[in-house]
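Single-letter residue listing:
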Amino acid sequence: MRLIIFLLVALLVVLALTNPNEAEFRAHMQQKHGIAGSLSLKVAAIFSAGTSTGVGRDNYLIFSRYYTGGDGILPRTDLAWGVAGRFFDIGEEKGGGM
C-alpha cells in the first residue's frame, strides 16, 4: 500500500515539475503554426486590456490551460492543454448542435 501511495505522490511531483509555462507555449505555437501563430499571439496582445501578453494561462499545478482574450475586446478562446511538457490543442467543436 505504501508503494502505491509513494508512486502516486512521485507521479504528481513529476507532473508539477514538468507543467509547461507561457514561454514554452509560445514556442509551441511558433513551431506548430509558424509566423501565423506568433502573429496571432501578438495581435491578441494588442487587443487585450492592461498589460496582458496576449496569452493567458490557467495553472492547475499539474496541468495548465492556455487561452487568448477574455479581458478586452476579444472573447476568450481556449487554445490548448499543457501537461507533462506537452501540449494538446483544443479542437473547435464541429457539428450541427443548438
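Please read these numbers as outputs of a predicted model, since none were measured by experiment. (Residues numbered from 1 in each chain as written. Predicted model: local features only at pLDDT ≥ 70, side-chain atom pairs only at ≥ 80, totals over all residues. Heavy atoms only, no water.)

A word on a nonpolar patch on the surface. A contiguous nonpolar patch, built from Met1, Ile5, Val9, Val13 and Leu17 and spanning about 560 Å² of accessible area, is present on the exposed surface. Take Ile5: it is sitting in helix α1 (residues 2-17). Ile5 sits in the partly exposed class, given a relative accessible area of 46%. (Patch = residues over 30% accessible without salt bridge, like charges linked within 9 Å, V, L, I, M, F, W, Y side chains within 5 Å. Areas by Shrake-Rupley, 256 points an atom, 1.4 Å probe, with all protein chains shown as cover. Salt bridge = Lys/Arg side-chain N within 4 Å of Asp/Glu carboxyl O. Helix = DSSP H or I, 4+ residues; strand = E, 2+ residues; numbered from the N terminus. Buried < 20%, exposed > 50% of the residue type's maximum accessible area, 1.4 Å probe, protein only.)

On to the environment of Glu22, then. You can see Glu22 is positioned in helix α2 (residues 22-33). Here the alpha-carbon distance between Glu22 and Arg57, two residues 35 residues apart in the chain, equals 7.0 Å.

Looking now at the side chain of Thr68. Relative to the helices and strands, Thr68 is located in strand β2 (residues 64-68). Filtering out sequence-adjacent residues up to four positions away, Thr68 remains in contact with Leu41, Ala44, Gly54, Pro75, Arg76, Thr77 and Leu79. (Contact = heavy atoms within 4.5 Å.)

Another point: the pairing of strand β3 (residues 77-83). Where β2 lies against β3, five bridges are found, and the strand directions are antiparallel. Across the sheet, Thr68 pairs through a bridge with Thr77, a residue of β3. Pairing of β3 with strand β4 (residues 86-89) involves four bridges; the strand directions are antiparallel. Residue pairing across strands places Trp81 opposite Phe88, the latter belonging to β4. Linking β3 to β4, which pair antiparallel, is a turn of two residues; within it Ala84 sits at a positive phi near 55°. (Pairing = 2+ DSSP bridges.)

The buried fraction of β2 amounts to five of the five residues, a majority that puts the element mostly inside the structure. Residue alternation in β2 divides its side chains into two sets, Ser64, Tyr66 and Thr68 and Arg65 and Tyr67, and both sets are buried. Counting the residues between successive antiparallel strands, the hairpin from strand β1 (residues 55-59) to β2 contains four residues, one of them, Leu61, with a positive phi of roughly 70°.

For residues with low pLDDT, the predicted coordinates do not support detailed interpretation. In the predicted model, the chain carries a mean pLDDT of 84, and 88% of its residues have values of at least 70. Across the chain, the secondary-structure element scoring lowest on mean pLDDT is helix α3 (residues 35-47), at 80, and the one scoring highest is α1, at 95. (pLDDT = per-residue confidence, 0-100.)

Next up on the list: the sheet that holds β2. Strand order in the open sheet formed by four strands is β1-β2-β3-β4, with antiparallel pairing between adjacent strands. With one partner strand each, in any of the chains shown, β1 and β4 form the two edges of the open sheet. Ignoring which end each strand starts from, the neighbouring axes of this sheet average 30° apart. (Axes fitted to C-alpha atoms, helices over the stretch in contact; angles between N-to-C directions.)

Running from amino to carboxyl end, α2 crosses α3 at an angle of 135°, the nearest separation of the two axes being 5 Å. Between α2 and α3, the interaxial angle falls into the category oblique. For the pair α2 and α3, the contacting residues are Arg26, Met29, Gln30 and His33 in the first and Ile35, Ala36, Gly37, Ser38, Ser40 and Leu41 in the second. When the residues that make up the contact of α2 with α3 are grouped by side-chain class, the tally is four nonpolar, five polar and one charged. (Parallel < 35°, antiparallel > 145°, perpendicular 65-115°, else oblique. Nonpolar A, V, L, I, M, F, W, Y, C, P; charged D, E, K, R; others polar.)

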